[in-house]
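A look at the structure
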Amino acid sequence: MEIFNTSNRTSLEAGDPWRDKIIVSLRDSASVLVLASPDSVASPWVNFEAGGAWVAGTRVVPCCINGMTPTSLPAPLSHLQALNPSDPEHLRLLIKQLADSAGLDFPADYDYETSAASLRVSSDSTAPSPESEKFREWFLRCERRPAKYNGQSASGKFRVSSLKADRKSTR
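A brief report on the enclosed structure follows. (Residues numbered from 1 in each chain as written. Predicted model: local features only at pLDDT ≥ 70, side-chain atom pairs only at ≥ 80, totals over all residues. Heavy atoms only, no water.)

Things to note about the pairing of strand S1 (residues 31–36)
Inclusion rule: DSSP calls a pair of strands paired once it identifies at least 2 bridges connecting them. Per the convention used, a helix needs a DSSP run of H or I reaching at least four residues, while a strand needs a run of E reaching at least two, with both numbered from the N terminus.
The pairing of S1 with strand S2 (residues 59–64) spans six bridges and is classified as parallel. Bridge assignment links Ala-36 to a residue of S2, and that residue is Cys-64.

Set out below in structure tokens:
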């Protein structure tokens, strides 16, 4: 399983043909998450990428952040079932869907209530917590050697350091 983030320089490196890599990634993705903030939904590139994924038949999931709600999404994102990861039930649904599409075990006993509350509180934080670093390390081990970790799951808490979309395009 691979995560491709068009705003992250680990997904796109200097000299990469970024348009081509984005197109291939959108075609090959099981799911595309649109971090829908007031800034990101106004971005032509975010809408272009979401539309490209949708046309390619990829599941596009708007995830409302930074004050955005499913009812405040503009068209065409408003025509897709959106989730708000700061709502415990929405976070559970999102993790279940991602686990299913990636062939991973669903962490049913995870504390979604606390994590959703943490997402609400940490939306302005930019410093990663030790828990989020532990989760990231576990995820990277699974990504590099997925067969070794089949049937295993991570437990404990992790905190997302930031769910903000970039305000400026880096392209």
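Overview of the packing of helix H1 (residues 18–28) against helix H2 (residues 44–55)
The line we're drawing: Lines fitted to C-alpha atoms define the axes here, with helix axes fitted over just the stretch in contact, and angles between the N-to-C directions of these axes take values from 0 to 180 degrees. Angles are sorted into four bins: roughly parallel if under 35 degrees, roughly antiparallel if over 145, roughly perpendicular if 65 to 115, and oblique for all others. Crossing chirality is assigned from the near helix's rotation relative to the far helix, an anticlockwise turn below a right angle marking it left-handed and a clockwise turn marking it right-handed. Should any heavy atoms of two residues lie within 4.5 Å, those residues are counted as being in contact. Amino acid classes used here: Ala, Val, Leu, Ile, Met, Phe, Trp, Tyr, Cys and Pro are nonpolar; Asp, Glu, Lys and Arg are charged; the rest, including Gly, are polar.
For the pair H1 and H2, interaxial distance at closest approach is 9 Å and the crossing angle is 40°. Taken together, the axis directions place H1 and H2 in an arrangement best described as oblique. Handedness of the crossing formed by H1 with H2: right-handed. Note on element contacts: H2 touches H1 through Trp-45, Glu-49 and Ala-53, opposite Trp-18, Arg-19, Ile-22 and Leu-26. Residue composition of the contact of H1 with H2, by class: five nonpolar, no polar and two charged.

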